[in-house]
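Structural overview for review
Take a look at the letters that make up each chain.
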Amino acid sequence: SFRFRGALAEAELLHEESGRVRRFYHRPSGAALRPGVRVVLKALLVLLVFFLVGCGDAVCPQIPVRAARYWAMPPDGYRIPAPYAVAIGRDDEVFVVDTAARVLVFGADGTLRTHWRMPEVEAGNAEGLCVMDDGRIAVCDTHYSRVILFDRQGKVVGKIGRYGKGPGEFIYPVAVVQDTDGDLYVCEYGGNDRVQKFAPDGDFVLSFGSFGTGPDQFQRPSGMAWHAGKLYVADAINNRIQVFAEDGRFLGPLGGAGTALSLRFPYDVAVGGDGALYVAEYGAGRVSKVSPKGQLLGRYGSTGRGQGQFLTPWGVAVDSKMCLRVADTGNRRIVGLEL
């Protein structure tokens, strides 16, 4: 079936092989669809993932949350930007990059302490960051194909990478994380779809992964976490978390092959002080808690704009007091979940 609902068209589609029916909303670029016409769906995530929600598991335990707190993003002129990524610094400071090309630093109580802008903004915004052990802030300047290193005052103190497909080059770097030896891992999409490892001084060490759906392959790697000698990579469009050793060896998908772990466009992953992994699911509007072996331990949230809900959450981090900080991108806010 097909009909208009205001500026949007509503199409109800039947998947012929399975018999499943789903409803989609979109802005038609041409003539209206007609009942009986066969169509092909392309993954335009912003429009489609709102309808890929629900638990999807036989048992769906809930993450016990003592309190949930919401910070609206500071305005930038007449508009309210949206947060992309979130990271934890010293004294549980919260670092955020947003759609106004800003790096913002909040206290643990939500007070904005300082902020600065990326050096260039015309091509697009930064989408990922981490706070390094020495206090530098590494920011994935995604649409400029580089990682920029800032000091605490926002001064540029280093750059890694340039546009390209070779070692030490990027197309769209989107996330960065540091291991216990100080080395940096940067994942990217846009054709390379891989992870590269760099020494603390920025020298290239190695790369691993490629575009695809098989083991050791990615479709938009979007977030990473380092834990107990392993790198966990959120492989967004393949709906999984993949695990690697520090030398790039593929250790398997989180939970093992054929796992029952159900994820809907995982965009970021973080490790808590309890040793569990916390996954921000862009497509399900929730955060999932998973053991390092891949066992689902709990979930929190659903798609929406109210309390206890998220709209395309992009990033997640965990502070020293086991408070989850979620970049609730579609709702233009930071959500703190005290566990």
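Every chain is numbered on its own, with residues counted from 1 as its sequence reads. Given that this is a predicted model, residues contribute local features only at a pLDDT of at least 70 and side-chain atom pairs are listed and counted only at 80 or more, while totals for whole chains, interfaces and linings are drawn from all residues. Side-chain calculation: all heavy atoms of the structure are included, whereas hydrogens and water are not.

1. Re the sheet that holds strand β19 (residues 221-227)
Taking strand neighbours across the sheet as the criterion, the four strands line up as β19-β20-β21-β22 in an open arrangement whose pairing is antiparallel. Across the chains shown, the open sheet's two edge strands, defined by having one partner strand only, are β19 and β22 (250-253). Across the sheet, the mean angle from the axis of one strand to that of its neighbour is 20 degrees, orientation sign disregarded. Pairing between two strands requires that DSSP report at least two bridges joining them. Per the convention used, a helix needs a DSSP run of H or I reaching at least four residues, while a strand needs a run of E reaching at least two, with both numbered from the N terminus. Two elements, strand β20 (residues 230-235) and strand β21 (residues 240-245), share six bridges in a ladder whose sense is antiparallel. Counterpart to Leu231 in the pairing with β21 is Phe244. An axis is simply a line fitted to the C-alpha atoms; with a helix, the fit covers only the stretch in contact. Between two such axes, the angle follows the N-to-C directions and lies from 0 to 180 degrees.

2. Looking at the pairing of strand β12 (residues 156-160)
For a regular strand, side chains alternate in direction, first toward one face of the sheet and then toward the other. Where strand β11 (residues 146-150) lies against β12, four bridges are found, and the strand directions are antiparallel. Looking across to β12, one finds that Ile148 is bridged to Lys159. Hairpin remark: β11 followed by β12, antiparallel, with five residues in the connecting loop; positive phi at Gly154, about 90 degrees.

3. Remarks on the sheet that holds strand β24 (residues 277-281)
If you walk across this open sheet you meet the four strands as β23-β24-β25-β26, and the pairing is antiparallel. Sheet topology places β23 (266-271) and β26 (296-300) at the edges, where each strand pairs with a single neighbour. Averaged over all pairs of adjacent strands, the angle between their axes in this sheet comes to 20 degrees, without regard to strand direction. Where β23 lies against β24, five bridges are found, and the strand directions are antiparallel. Across the sheet, Asp268 pairs through a bridge with Ala280, a residue of β24.

4. Considerations on the packing of aromatic side chains
Only Phe, Tyr and Trp rings are paired, with Trp represented by its six-membered ring, and only when their centres lie within 6.5 Å; those with planes under 30 degrees apart are stacked, over 60 edge-to-face, the remainder tilted. Scanning the model with the defined rule gives 14 aromatic pairs in all. Plain terms: the ring middles of Phe170 and Phe198 are 5.8 Å apart, the flat faces sit at 55 degrees to each other, and that makes the pair tilted. Here the residue Phe170 occupies a position in the loop between β12 and β13 (172-178), and Phe198 occupies one in strand β15 (residues 194-198), the gap between them amounting to 28 residues. What makes Phe170 buried here is its relative accessible area of 0%. Between Tyr267 and Tyr282 the ring centres are 4.2 Å apart and the planes differ by 25 degrees, which places this aromatic pair in the stacked class. Here Tyr267 is found in strand β23, whereas its partner Tyr282 is found in the loop between β24 and β25 (286-290), with 15 residues between them in sequence. Only protein chains enter the calculation, and the probe is 1.4 Å; a residue is then buried if its accessible area is under 20% of its type maximum, exposed if over 50%, and partly exposed in between. In this structure Tyr267 comes out as buried when scored by relative accessible area, which is 3%. On the accessibility criterion, Tyr282 (5% relative accessible area) is buried. Taken together, the ring pairs connect Tyr84, Tyr267, Tyr282 and Trp314 into an aromatic cluster. Taking NZ or CZ as reference, Arg220 lies 4.2 Å from the ring centre of Tyr189, over its face. The rule for a charge over a ring is simple: NZ of Lys or CZ of Arg within 6 Å of the ring centre, and within 35 degrees of the ring normal.

5. Some details on the pattern of salt bridges
The term salt bridge refers to a side-chain nitrogen of Lys or Arg lying within 4 Å of a carboxyl oxygen of Asp or Glu. Counted by the stated rule, this structure contains 22 salt bridges. The partner of Asp92 in a salt bridge is Lys321, and the shortest N-O contact between them spans 3.4 Å. With a gap of 229 residues between them, Asp92 in the loop between β5 (83-88) and β6 (94-98) and Lys321 in the loop between β29 (315-318) and β30 (323-328) connect regions that are remote in the sequence. Classification of Lys321 as exposed rests on a relative accessible area of 64%. Note that Asp247 is salt-bridged to Arg249, the shortest N-O span being 3.0 Å.

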